Amino acid sequence: MTSTHAPALTGSGKRFGVQRALRTVRHHPLGLAGGLLLVLVVAFCLLGPLFYRTDQTDVDLVNAALPPSAAHPLGTDLKGFDVLGRLMAGGRVSLQIGLLSAVFATVIGTVYGAVAGLAGGVVDGFLMRVVDTLLSIPFLFFVLILSARFHANAVSLSLVIGAFSWLVSARLVRGEVLTLRVREFVLAARVMGSSRRRLLFTHLVPNALSVIVVVITFQVADAILVVAALGFLGFGLTYPTADWGSQLADGATYLSAGYWWLVYPVGLCIVLTVLGLNLLADALRDALGRRAD
């Protein structure tokens, strides 16, 4: 039998199970809280502008730095933008960057780690030494250099963050593949003539999805924190695009002047989003983590 007709043997019992994950999260109090918190944040950022419409393009200095009122529930910022509307717009951009960079990093890390784990030996050792070397370089240092050198937008910032954050996922996937490649279903696929590509994408990667799902959840949280840090340091997105880090940086300058509404609401949004993602990832790790067969 040729490799192209080798059946997909999946006897590991470790494939990603959506129903099992949802069932475990539902009975995991902190995971359920994290999931609900994340749903609320996403709904606030994506659906909020449909019900609370504000102008986030034209500067209005006449109404700048107004405290919370009936017209502006969270006040206005130093450019006259409604803070509540600005939080929705900035959150939407931050979530987009977080998700895009996490997907980009996880795809690269999954392929790299799976190839290293399947190859083994000298190839695995060399690929992992490359990862160790890159991990020793300060991640934020390079992102700051690239952000300062090139004009940042949502897509470019996502690619830059993703290009430097795939290393951890590569190590985790590689470790999972090392345990999977000696399993009976993989050995049976080898005997039946499966090619390395088929072993990789039909047997190993699908059975490592439990690790991948947890990794991508943490990656989104990390990316949102990186975007916030870049914006706070002045290397984030520029007007008219808003992100939570830039909002936090603008407000922190005037916190001592009593403009608390420029800092606390956006800071709370960042904390709640990252907290929800981490709680959900922790529950998913319990649901989909390694189990002894």
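The paragraphs below set out a description of the structure included in this document. (Residues numbered from 1 in each chain as written. Predicted model: local features only at pLDDT ≥ 70, side-chain atom pairs only at ≥ 80, totals over all residues. Heavy atoms only, no water.)

1. Focus: the overall build of the protein chain
- Scanning the protein chain from terminus to terminus reveals 13 helices and zero strands.
- Walking the protein chain from its N terminus toward its C terminus, one meets helices and strands in the order α-α-α-α-α-α-α-α-α-α-α-α-α. (Helix = DSSP H or I, 4+ residues; strand = E, 2+ residues; numbered from the N terminus.)

2. Things to note about the nonpolar core
- Ranked by size, the top nonpolar core spans 25 residues in total, and within it Leu 87, Ile 224, Trp 244, Ile 270 and Leu 277 carry the most contacts.
- Ranked by the residues each element gives to this core, the list is headed by helix α13 (residues 264-288), at seven residues.
- By size, the runner-up hydrophobic cluster in this structure holds 14 residues, among which are Phe 185, Ala 189, Leu 200 and Leu 204. (Core = buried A, V, L, I, M, F, W, Y, C linked by side-chain atoms within 4.5 Å. Buried < 20%, exposed > 50% of the residue type's maximum accessible area, 1.4 Å probe, protein only.)

3. A short note on helix α2 (residues 29-46)
- The first and last C-alpha atoms of α2 sit 26 Å apart over 18 residues, in line with the 26 Å expected at 1.5 Å per residue.
- The set of residues buried in α2 consists of Gly 31, Gly 34, Gly 35, Leu 37, Leu 38, Val 41 and Cys 45. For α2, the angular spread of buried residues about the axis comes to 165°, placing them on one side. α2 presents Pro 29, Val 39 and Leu 40 as exposed residues on the side facing more than 90 degrees away from its buried surface. (Expected span 1.5 Å × (residues − 1). Arc of directions from axis to C-beta.)

4. Digging into helix α4 (residues 83-119)
- The end-to-end C-alpha distance of α4 is 53 Å, a good match for the 54 Å that 37 residues give at a rise of 1.5 Å each.
- The buried count for α4 comes to 26 of 37 residues, which makes it a mostly enclosed element.
- Two or three places before Leu 84, at the opening of α4, Asp 82 has a side-chain oxygen 3.1 Å from that residue's backbone nitrogen.
- After α4 finishes, the residue Gly 120 shows a positive phi value of roughly 65°. (Polar contact = N/O pair within 3.5 Å; in protein donor to acceptor, adjacent residues only side chain to side chain.)

5. With respect to a nonpolar patch on the surface
- Residues Leu 99, Val 103, Val 107, Val 111, Val 115 and Phe 201 make up a contiguous nonpolar surface patch of about 480 Å² in total accessible area.
- The element best represented in the nonpolar patch is α4, accounting for five residues.
- As for its placement among the helices and strands, Val 111 is situated in helix α4. (Patch = residues over 30% accessible without salt bridge, like charges linked within 9 Å, V, L, I, M, F, W, Y side chains within 5 Å. Areas by Shrake-Rupley, 256 points an atom, 1.4 Å probe, with all protein chains shown as cover. Salt bridge = Lys/Arg side-chain N within 4 Å of Asp/Glu carboxyl O.)

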